[in-house]
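Below, each chain spelled out in residue letters.
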Amino acid sequence: MSPAPASLTHWGAFRARIESGDIAEITPLEGDTDPSPLLGNLPGSVRHRSRVAGPAVRRGWLDNGPGPTDRRGADEFVAVSWDELTELLATELRRVIDTHGNEAIYGGSYGWASAGRFHHAQSQVHRFLKLLGGYTSSRHSYSLGATGVIMPRVVGTHDDLFKRSTNWNVIAAHTDLLVCFGGVGLKNTGVNHGGTTAHPARDALARFRDRGGQIVSFSPLRDDVEGNCQWLAPVPGTDVAIMLALAYVLATEDLADRAFLQTYCTGYDRFERYLLGTDDGEPKSPEWATDICRLPAQTLRELARQMAAGRTIVTVSWSLQRVRHGEQAPWMGLTLAAMLGQIGLPGGGFGHGYGSMNEPGLSPITCRLPVFPQGANPVTTFIPVAAVSDMLLHPGESYDFNGQTLRFPDIRCVYWAGGNPFHHHQNLPRLRRALARVDTVVVHDPYWTAMAHHADIVVPSTTAFERDDFSGSRNDPLLVAMPALTAPYAESRNDYETFAALAYRLGFGETFTEGRTDREWLSAMYEKWSAELDLIVPTFDEFWAAGQIRLPVEDGLTLLADYRADPQAHRLTTPSGRIEIFSADIDGFGYADCAGHPRWYEPTEWLGGDRAQRFPLHLVANQPKTRLHGQLDGGATSQNSKVQGREPIRMHPVDASARGLIDGDLVRVFNDRGSCLAGLVLDEGLRTEVVQLSTGAWYDPEDPADPDAMCVHGNPNVLTDDIGTSSLARGCTGAHVLVEVEKFSAPAPPIRAHEPPPFATR
Ligand SMILES: Nc1nc2c(c(=O)[nH]1)N[C@H]1C(S)=C(S)[C@@H](COP(=O)(O)OP(=O)(O)OC[C@H]3O[C@@H](n4cnc5c(=O)[nH]c(N)nc54)[C@H](O)[C@@H]3O)O[C@H]1N2
Ligand SMILES: Nc1nc2c(c(=O)[nH]1)N[C@H]1C(S)=C(S)[C@@H](COP(=O)(O)OP(=O)(O)OC[C@H]3O[C@@H](n4cnc5c(=O)[nH]c(N)nc54)[C@H](O)[C@@H]3O)O[C@H]1N2
Ligand SMILES: [Mo]
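Quick caveat: nothing in here was measured; it's all calculated off a predicted structure. (Residues numbered from 1 in each chain as written. Chains lettered and ligands numbered in written order. Predicted model: local features only at pLDDT ≥ 70, side-chain atom pairs only at ≥ 80, totals over all residues. Heavy atoms only, no water.)

1. Let's talk about the nonpolar core
A general feature of soluble globular proteins is that nonpolar side chains tend to end up buried together.
Alright, step 1. Of all hydrophobic cores here, the largest spans 164 residues; its most connected members are Phe218, Met339, Leu619, Ile649 and Val669.
Alright, step 2. Not counting residues within four places of it along the chain, the set of residues in contact with Met339 comprises Ala247, Leu250, Ala251, Leu255, Ala256, Asp257, Leu261, Tyr268, Phe271 and Leu275.
Alright, step 3. Listed in part, the 53 residues of the second largest apolar core include Val125, Cys413, Ala417 and Ala481. (Core = buried A, V, L, I, M, F, W, Y, C linked by side-chain atoms within 4.5 Å. Buried < 20%, exposed > 50% of the residue type's maximum accessible area, 1.4 Å probe, protein only. Contact = heavy atoms within 4.5 Å.)

2. Thoughts on the packing of helix H2 (residues 82-100) against helix H18 (residues 495-506)
Two quantities define a packed helix pair, namely the angle between the axes and the distance from one axis to the other.
Alright, step 1. Taken N-terminus to C-terminus, the directions of H2 and H18 make an angle of 60 degrees; their axes are 9 Å apart at the nearest point. The angle between H2 and H18 places the two elements in the oblique class. Crossing of H2 over H18 shows right-handed handedness. Contact residues: H2 offers Trp82, Thr86, Glu87, Leu89, Ala90, Thr91, Leu93 and Arg94, while H18 offers Thr498, Ala501, Leu502, Arg505 and Leu506. (Axes fitted to C-alpha atoms, helices over the stretch in contact; angles between N-to-C directions. Helix = DSSP H or I, 4+ residues; strand = E, 2+ residues; numbered from the N terminus. Parallel < 35°, antiparallel > 145°, perpendicular 65-115°, else oblique. Left-handed = near helix turned anticlockwise from the far one by under 90°.)

3. A closer look at the site of ligand 1
Alright, step 1. Close contacts around ligand 1 come from 34 residues, with His424, Asp445, Asp495, Gln631 and Asn717 the closest.
Alright, step 2. Between ligand 1 and His629 there is a distance of 2.9 Å, counted from an oxygen atom to a side-chain nitrogen or oxygen.
Alright, step 3. About the coverage of ligand 1: the protein hides 97% of its 920 Å² of free accessible area.
Alright, step 4. Of all the secondary structure elements, the ones that give two or more residues to the shell around ligand 1 are helix H15 (421-424) and strand S18 (440-445).
Alright, step 5. Of the residues contributing to the shell around ligand 1, the split by class is nine nonpolar, 21 polar and four charged.
Alright, step 6. Mapping the shell around ligand 1 onto the domain boundaries places at least three of its residues in each of domain 2 (56-142 + 372-465 + 489-515) and domain 4 (610-743). (Near = heavy atom within 4 Å. Polar contact = N/O pair within 3.5 Å; in protein donor to acceptor, adjacent residues only side chain to side chain. Areas by Shrake-Rupley, 256 points an atom, 1.4 Å probe, with all protein chains shown as cover. Nonpolar A, V, L, I, M, F, W, Y, C, P; charged D, E, K, R; others polar. Domains from an automatic or database assignment.)

4. Details of the UniProt feature "domain: Molybdopterin oxidoreductase" (unreviewed entry) in the protein
Alright, step 1. Here the UniProt feature "domain: Molybdopterin oxidoreductase" (unreviewed entry) sits at residues 54-503.
Alright, step 2. Taken as a whole, residues 54-503 contains 36% helix and 15% strand, while its terminal C-alpha atoms sit 20 Å from one another. (UniProt positions renumbered as here; feature names shortened; annotations may be inferred.)

5. A short note on the domain arrangement of the protein
Alright, step 1. When cut into domains, the protein gives domain 1 (6-41), domain 2 (56-142 + 372-465 + 489-515), domain 3 (165-363 + 562-589) and domain 4 (610-743).
Alright, step 2. When each unit is reduced to the centre of its C-alpha atoms, the spacing between domain 1 and domain 2 is 31 Å.
Alright, step 3. Taken together, the contact pairs six residues of domain 1 with five residues of domain 2.
Alright, step 4. Carbon and sulfur atoms make up 75% of the area that domain 1 and domain 2 hide from each other, which totals about 450 Å².
Alright, step 5. Of all residues in domain 1, Leu8, His10 and Ile23 bury the most surface against domain 2, accounting for 76% of the area lost on that side. (Buried area = accessible area lost by both parts, 1.4 Å probe.)

6. So, the sheet that holds strand S2 (residues 12-19)
Alright, step 1. The strand order across the open sheet built from three strands is S1-S2-S3, with neighbouring strands paired in antiparallel fashion. A strand with exactly one partner marks an edge of an open sheet, and here the two such strands are strand S1 (6-9) and strand S3 (22-28). Within the sheet, the average angular offset between the axes of one strand and its neighbour, ignoring direction, is 45 degrees. (Pairing = 2+ DSSP bridges.)

7. A few points about the environment of Pro716
Alright, step 1. Inspection of the secondary structure puts Pro716 in the loop between strand S28 (690-692) and strand S29 (736-743).
Alright, step 2. Pro716 sits 67 residues away from Ile649 along the chain, and the two C-alpha atoms are 9.9 Å apart.

8. Digging into helix H7 (residues 201-210)
Alright, step 1. Every buried residue of H7 is accounted for by Ala201, Ala204, Leu205 and Phe208. Viewed end-on, H7 has its buried residues packed into an arc of 100 degrees, placing them on one side of the element.
Alright, step 2. Directly after H7, the chain includes Gly212, whose backbone phi takes a positive value near 100 degrees. (Arc of directions from axis to C-beta.)

9. What to know about the pattern of salt bridges
Alright, step 1. One pass over the structure, following the stated rule, counts 57 salt bridges.
Alright, step 2. In this structure, Asp585 engages Arg153 in a salt bridge whose closest nitrogen and oxygen atoms are separated by 3.9 Å. Here Arg153 lies in helix H4 (residues 147-154) and Asp585 lies in helix H23 (residues 584-589), a separation of 432 residues in the sequence.
Alright, step 3. Three or more residues joined by partner-sharing salt bridges are found here, namely Glu605, Arg611, Arg614, Asp672, Arg673 and Asp721. (Salt bridge = Lys/Arg side-chain N within 4 Å of Asp/Glu carboxyl O.)

10. Side note on the site of ligand 2
Alright, step 1. Lining the immediate environment of ligand 2, one finds 29 residues, of which Lys187, Asp224, Asp239, Ser356 and His736 sit closest.
Alright, step 2. Separating a nitrogen atom of ligand 2 from a side-chain N or O atom of Asp239 is a distance of 2.7 Å.
Alright, step 3. One of the backbone N or O atoms of Gln623 is found 3.0 Å from an oxygen atom in ligand 2.
Alright, step 4. Both domains that meet at the shell around ligand 2, namely domain 3 (165-363 + 562-589) and domain 4 (610-743), each give it at least three residues.

11. Concerning the side chain of Ser165
Alright, step 1. As for its placement among the helices and strands, Ser165 is situated in the loop between helix H5 (158-163) and helix H6 (168-174).
Alright, step 2. Excluding residues within four positions of it along the chain, Ser165 makes contact with Asp160, Tyr354, Glu359, Pro360, Gly361, Leu557 and Leu559.

12. Digging into the side chain of Ser50
Alright, step 1. Turning to its location among the elements, Ser50 is positioned in the loop between S3 and strand S4 (56-58).
Alright, step 2. With residues up to four places along the chain from it excluded, the contact list for Ser50 reads Pro446, Tyr447, Trp448, Trp698 and His754.

13. Looking at the packing of H4 against helix H13 (residues 328-340)
Alright, step 1. Closest axis-to-axis distance for the H4/H13 pair is 9 Å, and the angle between their directions is 30 degrees. For the element pair H4 / H13, the angle class is roughly parallel. As H4 packs across H13, the resulting crossing turns out to be right-handed. On H13, the residues that touch Thr147, Ile150, Met151 and Val154 of H4 are Pro330, Trp331 and Leu334.

14. Focus on unusual backbone geometry
Alright, step 1. Phi at Leu560 is positive, roughly 65 degrees, even though this residue is not glycine.
Alright, step 2. The phi torsion at Gln644 lies on the positive side, around 50 degrees, for a residue other than glycine.
Alright, step 3. Structurally, Gln644 can be placed in the loop between helix H25 (636-640) and strand S25 (648-651).
Alright, step 4. The class of Gln644 is partly exposed, set by a relative accessible area of 46%.

15. Some thoughts on the sheet that holds strand S9 (residues 214-218)
Alright, step 1. One open sheet accounts for five strands, arranged S10-S9-S8-S12-S13; its pairing is parallel. The sheet is open, and its two borders are formed by strand S10 (230-232) and strand S13 (349-352), each paired with just one other strand. On average, each strand axis in the sheet is tilted by 15 degrees relative to the strand beside it, whichever way the strands run.
Alright, step 2. Examined bridge by bridge, strand S12 (residues 312-316) and S13 share four bridges and lie parallel to one another. Residue pairing in the sheet places Ile313 in a bridge with Gly349 of S13.

Pasting the structure below:
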């Protein structure tokens, strides 16, 4: 018997047993020694009741035409035919373009969609909108909003920080001490954008420990490191103060590598004046930091000495830059590592995102990947991705970004395929008001997500398991064939087919499709790629029959080893060609919230500020252990974690008893922006005054007509602040928010998050 067909998700490859058009059972692909528990969400996902069965249009939009309205999210839908949908959509796109220009279409369409090189929804929607004449786009990501702007300026190699990071095997063999700001959470390393077929982090950490390696974890959560470590739980958001204190000890105890700072960095002198308090009279000593982070000064002093005494990696998780002033933590982490002088040495130096994603620590492939060509966007207007509500609420207003003054365009049509702003964006009450201002919202999704509920036109997409595709990821050695596991659900269609039909209707069908079916695109992409490679790979048909091919990888990397070996030949792409501890460019922008060198800024959402008087608990809104973002929230792994059907919120028993709460209680989590219900889980592995509620429970307003309604299911983004990291990057700051928690004693409202909206007959 031949093995069951394989397919792949962002969290791993698997074989599936199919029954009645759905995934009945999965087995992780052979070779993955630590498969992700997220695979458990797949059975039953293809025919889940939250699937969009056919094209649907909001009744108010159909009756009254496009225009601003507060009915989005509260209206009924009307089922339409595919022909009607194509006609309505084509007419509306034409109207918007003819009346307001292509800039009036917001097609940033941020989101993870699904794995697969061809049917990747972002690639499809962007190619379509580019050929339509262009659209307002978005830059950077919710993942790395601050890093994506600051790191190219100060170390030059944004992508290389991840793609060419120090390999796990090098860490296992050489590192003495891993100082982890934000832990190394194995819950997160299950995932990699584009898919992943191996999960080596757990095994590498075991080998590292067997050799005597030690982990120091700064984190509000004990379980950000599994197994042995020194757990230090500072006030959340104070890592930069801690790093400064460690740097201060290195500088004042003659432990800083001044030769390294001289040769490979620029601007240390300027930074050191700040560090020592030369100008402001405030040395950033461990005693200074203690008042901020509430860790003992002596602990920090001893750690700094230990860091200088052996081979040490300073690693900063991505969560640390998803807060106000998020530029500072990765920049200061880099500076601290530079002071230790081990950047570029095996097992020493800097890391960014070990435990954030599977990619850091994995070997990069040495060849390119097949691509679905995009073309250029004729419209140059863009926004930093997390400024979406700002843009919709403030058309025409100017704002600062990365040294430029930009202007928000006047958006009339919001077009989304492969992402969910009701998952990813902050302050959802504000997002609802922002979406109410546009003429038309279009959403392609396989599921009735909250974003689909808030759309005017809902396009039912297939999932990755209902179409032929193949994977590919820059740090994964396997290209995996992803043959359709089952037929498309109900009337759902591949996004490619939808866009092709629209393109034909709008007069550029041949340009969009190049005359190919989706299956013909797969072989064309593969053949173009293989023809340009320096190596010999099987033909497309051979690849498809084999189910996978293995690509060459570069093993044993150490981040910036080449730069250390020859700083002239491997000059960084920063203005100075070196690591910029002081950046003249950033200094020149004159921003009050991002100066020319890393420094401590008081956070907006933290336990040390006035706001904590009103909202005394620090909520960590981190990535969910039980799913990828909001995807497959209805699946078994996700559902099994819920408490009374709500997303679990973890709290220290001390904080619970102060509020008269017990394990399993239904609680209301609130601040002045919004509120949600959650199910209480007591856990001594949290710092006191901290609660943890992951992202990803589907937004479920008690009263769908009220933007300020309580979410009855536990989405933390009803609480988070919609403010950028700083004028430099304007990145997402959703990781932290201050809240209060109380018992919810009223009758529990029903959960409707995964139900389709009401439908009207015509
Ligand atoms: N408070 C807070 N908020 C956060 C974060 C945080 O830490 N705290 N983290 C942020 C981060 S790092 C990220 S990356 C974002 C993630 O935010 P998103 O990437 O927007 O979240 P997903 O749930 O992955 O959304 C992907 C959507 O694509 C759909 N989809 C899957 N396949 C297809 C397809 O083939 N076609 C179409 N049309 N759709 C498809 C899925 O059903 C799903 O609805 O969230 C951010 N939001
Ligand atoms: N299972 C799963 N894995 C995922 C994802 C998912 O949705 N599910 N999403 C993926 C994506 S898109 C991304 S971008 C990455 C994100 O990767 P990260 O942003 O690193 O992930 P988080 O889980 O938000 O945060 C990691 C840990 O940082 C700690 N932390 C939070 N605030 C602070 C702080 O102020 N100081 C310190 N020292 N620690 C803090 C938290 O305890 C948290 O568990 O994760 C990826 N991996
Ligand atoms: Mo992300």
